[in-house]
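Working through the structure, step by step
Take a look at the letters that make up each chain.
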Amino acid sequence: MKRSVEMEKKREEERVKKAEMARLKAERARAYEEPEWAKVDGDVEDDVAEEEEEGVRKNELYCVACGKKFKSDKQWKNHEQSKKHKDKVAELREAFGEEDQDNEDDDEDADDNNDNGGGDADGFVSADEVEKLKEQFEGVEIQTEEKGDE
């Protein structure tokens, strides 16, 4: 019985001693003042944070078609083989194909307009182009406003 009482007292003394050490350590930490030579400007901290973010972004893989992020190369490769990804890529290709076709049609229309009445690069229009424009706007009446003296 004496041993258990003695052991209990030792444990209690150790707890008190540990608590006191922790209190002293915390007090020293609060009182610590960084030497002038070791101080870091705020700009440097911002730069370090930006570099860390860039490092994270470099390791990050992103599927634009599906809008998903991947942390490992293996996840990315598995995703590339998935049916959902392949379907999304096919949809995008189709959409871009239609868009390209529309752009080609628009370019052809623009070329046609330039041939029919666009004039030269210097802004002059030939007599033939004027005649075509007259035919296009036949029946349209142009009203002019006369400036009066006020």
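Residues numbered from 1 in each chain as written. Predicted model: local features only at pLDDT ≥ 70, side-chain atom pairs only at ≥ 80, totals over all residues. Heavy atoms only, no water.

Under an unreviewed UniProt entry, the protein chain has the name DNAJ heat shock N-terminal domain-containing protein and belongs to Helianthus annuus.

1. Digging into the overall build of the protein chain
Per the secondary structure count, the protein chain includes five helices and two strands. Counting all 150 residues of the protein chain, 5% fall into the buried class. When contacts within the protein chain are restricted to residue pairs at least 6 apart in sequence, long-range pairs at least 24 apart make up 6% of them. Of the roughly 14,700 Å² of accessible surface on the protein chain, 48% is carried by carbon and sulfur atoms. (Helix = DSSP H or I, 4+ residues; strand = E, 2+ residues; numbered from the N terminus. Buried < 20%, exposed > 50% of the residue type's maximum accessible area, 1.4 Å probe, protein only. Contact = heavy atoms within 4.5 Å. Areas by Shrake-Rupley, 256 points an atom, 1.4 Å probe, with all protein chains shown as cover.)

2. Considerations on a negative patch on the surface
On the surface, a cluster of negative charge is contributed by E91, E94, E98, E99, D100, D102 and E104. Structurally, the position occupied by E104 is in helix α4 (residues 83-118). (Patch = residues over 30% accessible without salt bridge, like charges linked within 9 Å, V, L, I, M, F, W, Y side chains within 5 Å. Salt bridge = Lys/Arg side-chain N within 4 Å of Asp/Glu carboxyl O. Lys, Arg positive; Asp, Glu negative; His and termini not counted. Charge placed at Lys NZ, Arg CZ, Asp CG, Glu CD.)

3. Things to note about the packing of aromatic side chains
Per the stated rule, a full pass over the model turns up one aromatic pair. Between F70 and W76, the ring centres sit 5.8 Å apart and the planes meet at 65 degrees, which makes this aromatic pair edge-to-face. (Phe/Tyr/Trp six-rings, centres within 6.5 Å; stacked < 30°, edge-to-face > 60°.)

4. Comments concerning the pattern of salt bridges
Pairing between side chains becomes possible if they bear opposite charge and their charged atoms approach one another. Evaluation of the coordinates by the stated rule reveals five salt bridges. For the salt bridge of R15 with E12, the shortest nitrogen-to-oxygen distance reads 3.2 Å. Of this pair, R15 and E12 both sit in helix α1 (residues 2-31), separated by three residues, roughly a single helical turn. Overall, E12 belongs to the partly exposed group, its relative accessible area being 40%. The residue E20 makes a salt bridge to R23 at a minimum N-O spacing of 2.4 Å. On the criterion of helical spacing, the pair formed by E20 and R23 is a turn pair, its members being three residues apart in helix α1.

5. A word on the side chain of H79
Secondary-structure assignment places H79 in helix α3 (residues 73-80). Setting aside residues no more than four positions away along its own chain, H79 makes contact with C63, C66, K68, F70 and H85.

6. Structural notes on the side chain of H85
Considering the arrangement of structural elements, one finds H85 in helix α4. Other than its neighbours up to four places away in sequence, H85 contacts C63, C66, H79 and E80.

7. A few points about the state of the cysteines
The tally for this structure, following the rule as stated, stands at zero disulfides. The closest cysteine sulfur to the non-disulfide-bonded C63 is located on C66, 3.7 Å from its own sulfur. Judged by relative accessible area, C63 falls into the buried class, the value being 2%. (Disulfide = S-S within 2.5 Å.)

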